[in-house]
Amino acid sequence: MMIRLARAALYTVLPAELLLVVLLASGVTPPRPLLAVTETAVALVILLETATAYRLFRAARRRGADRRAALRETVHRLVPAPLRRIIGFELKAMASVVSWVAHRRDGVPPGATAASYSREQTPMLLMVLFVMIVETVGLDLLLSAFDVPAGVRVPVLVIDVYGIVIVLAYAAASVTRPHVATPGELRIRHGVHLDVRVPRDQIASARSSRNYNERGMITVSGDTLAVAVSSQTNVTIDLTRPLTVTRPLGSQVDVTTIRFFADNPVTVLNALNSRELSTP
């Protein structure tokens with residue numbers, strides 16, 4: 001009960017505090033009673049969060065967990081799984097930029113076959129990046145022309161630049177995290193958002209099968225998982241038994257068929273139909 005109350009208070013009061021900060025930065029002075037109520041509510045939320053975290057941490061320690069394990073358990077109890085996964089996605093995507101610059105690929109061991117899937121979406125991402133950069137510069141110039149206070153301009157500029165970085169990180173993650181076929185498994189990925197490991201002995205068949213009408217990047221329909229790029233898939237694998245797949249926000253589903261896209265599907269099919277794999 002206390003954990004649910006802490007979560008509800010956090011998600012209700014802190015956005016109100018953020019709005020208040022924006023108003024103050026814009027030169028708008030809210031009534032003093034409103035300021036007092038907001039600051040009191042924020043202080044109470046911080047106290048509630050601190051007390052709840054301390055109780056969870058102490059309980060974990062009493063059960064024999066070390067400090068790191070207790071801290072990890074506390075975070076898992078307080079922060080919802082979808083939010084933790086979203087934060088994890090962004091951190092991994094940022095790390096992908098470093099790997100991209102260093103020309104390194106994630107999770108491609110020696111002797112494995114890597115199959116990229118980024119070629120189709122790169123032109124679109126470049127267009128999105130160009131539009132976002134133009135929008136960021138244009139909006140900042142517009143705000144400057146209207147003498148908007150720096151307290152508003154700077155946060156808007158930071159948010160816009162962060163959006164540009166996120167798109168760049170998404171592109172980097174798609175390049176550095178390809179599909180991977182090894183003698184033991186087929187690893188189907190979509191940037192940092194999906195990573196499905198399919199044991200080779202669980203693959204009944206693999207075939208080329210083009211579909212240009214996928215409804216989303218990662219979708220499940222019945223017992224079929226589709227991992228698309230630009231609404232396309234071109235490889236289909238059927239499984240001998242259901243495979244449990246973790247979706248981007250943490251929910252799980254059992255599938256027996258997986259459709260996905262590869263820039264060169266022949267590379268994947270040859271790897272799956274041969275006993276020995278070689279580096280492309």
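Details of the structure are given in the entry above.
Residues numbered from 1 in each chain as written. Predicted model: local features only at pLDDT ≥ 70, side-chain atom pairs only at ≥ 80, totals over all residues. Heavy atoms only, no water.

Trainee: Looking at this model, I keep getting lost on the nonpolar core. Mind explaining?
Mentor: Inside soluble globular proteins, nonpolar side chains tend to come together where they are buried. One finds Val198, Leu225, Ile237 and Ile258 to be the most contacted residues of the largest nonpolar core, which totals 27 residues. Residue assignment for this core shows that the elements contributing at least two residues are strand 3 (185-190), strand 4 (194-199), strand 5 (203-211), strand 6 (218-221), strand 7 (224-227), strand 8 (233-246), strand 9 (252-260) and helix 7 (265-272). Considering every element that reaches this core, the biggest residue donor is strand 8, with five residues. Dropping the residues within four chain positions of it, valine 198 is found in contact with Gly184, Glu185, Leu186, Ile188, Ile203, Ile237, Leu239, Leu243 and Ile258. Within the second largest apolar cluster, six residues are counted, among which are Leu125, Ile164, Tyr170 and Ala171. (Core = buried A, V, L, I, M, F, W, Y, C linked by side-chain atoms within 4.5 Å. Buried < 20%, exposed > 50% of the residue type's maximum accessible area, 1.4 Å probe, protein only. Helix = DSSP H or I, 4+ residues; strand = E, 2+ residues; numbered from the N terminus. Contact = heavy atoms within 4.5 Å.)

Trainee: Would you take a moment to explain the packing of helix 4 (residues 81-101) against helix 6 (residues 150-176) for this structure?
Mentor: Running from N to C, helix 4 and helix 6 point in directions that differ by 65°, and their axes come no closer than 7 Å. Classed by the angle they form, the pair helix 4 and helix 6 counts as roughly perpendicular. Handedness of the helix 4/helix 6 crossing: left-handed. On helix 6, the residues that touch Glu90, Ala93, Met94, Ser96, Val97, Ser99 and Trp100 of helix 4 are Tyr162, Val165, Ile166, Leu168, Ala169, Ala171, Ala172, Ala173, Val175 and Thr176. For the contact of helix 4 with helix 6, the residue count by class is 13 nonpolar, three polar and one charged. (Axes fitted to C-alpha atoms, helices over the stretch in contact; angles between N-to-C directions. Parallel < 35°, antiparallel > 145°, perpendicular 65-115°, else oblique. Left-handed = near helix turned anticlockwise from the far one by under 90°. Nonpolar A, V, L, I, M, F, W, Y, C, P; charged D, E, K, R; others polar.)

Trainee: What is the right way to read the sheet that holds strand 1 (residues 113-115) from this model?
Mentor: Strand-to-strand pairing in sheets goes through backbone hydrogen bonds, with the strands running parallel or antiparallel. Pairing is antiparallel across the open sheet formed by four strands, whose spatial order is 1-2-3-4. The open sheet has two edge strands, strand 1 and strand 4, and neither has a second partner. Taken pair by pair, the neighbouring strands of this sheet meet at an average axis angle of 15°, ignoring direction. Both strand 3 and strand 4 contribute to a ladder of six bridges, which runs antiparallel. If you follow histidine 190 over to strand 4, its bridge partner there is leucine 194. Helix 7 rests against strand 1, strand 2 (179-181) and strand 3 of the sheet, and its axis sits at about 150° to strand 1. (Pairing = 2+ DSSP bridges.)

Trainee: When you look at the sheet that holds strand 6 in this model, what are you seeing that I'm missing?
Mentor: If you trace the five strands from one edge of the open sheet to the other, you get 5-8-9-7-6, paired in mixed fashion. Looking along the sheet, the strands with just one partner apiece sit at the ends: strand 5 and strand 6. Neighbour-to-neighbour, the strand axes of this sheet turn through a mean angle of 35°, independent of strand direction. Inspection of the sheet shows strand 8 paired to strand 9 by eight bridges, in the antiparallel sense. Within strand 9, the residue paired with isoleucine 237 across the bridge is isoleucine 258. The strands that helix 7 touches are strand 5, strand 8 and strand 9; relative to strand 5, the one it contacts most, it runs at about 170°.

Trainee: Explain the pattern of salt bridges to me, please; I cannot follow it from the model alone.
Mentor: Pairing is possible between side chains of opposite charge, provided their charged atoms come close. Within the structure shown, the criterion is met by eight salt bridges. Between arginine 187 and aspartate 195 there is a salt bridge, with the nearest N and O atoms lying 2.6 Å from each other. (Salt bridge = Lys/Arg side-chain N within 4 Å of Asp/Glu carboxyl O.)

Trainee: Got a minute to help me understand the pairing of strand 7 in this structure?
Mentor: Residues in a regular strand project their side chains so that they alternate between the two faces of the sheet. Of the two faces of strand 7, the one carrying Thr224 and Ala226 and the one carrying Leu225 and Val227 are both buried. Alignment of strand 6 against strand 7, held across four bridges, turns out to be antiparallel. Paired with isoleucine 218 across the two strands is valine 227, which belongs to strand 7. Taking the residues between adjacent antiparallel strands as the criterion, strand 6 and strand 7 are bridged by two residues, where glycine 222 takes a positive phi near 65°. Judged from the four bridges that link them, strand 7 and strand 9 form a sheet pairing that is parallel. The partner of threonine 224 across the bridge, within strand 9, is threonine 257.

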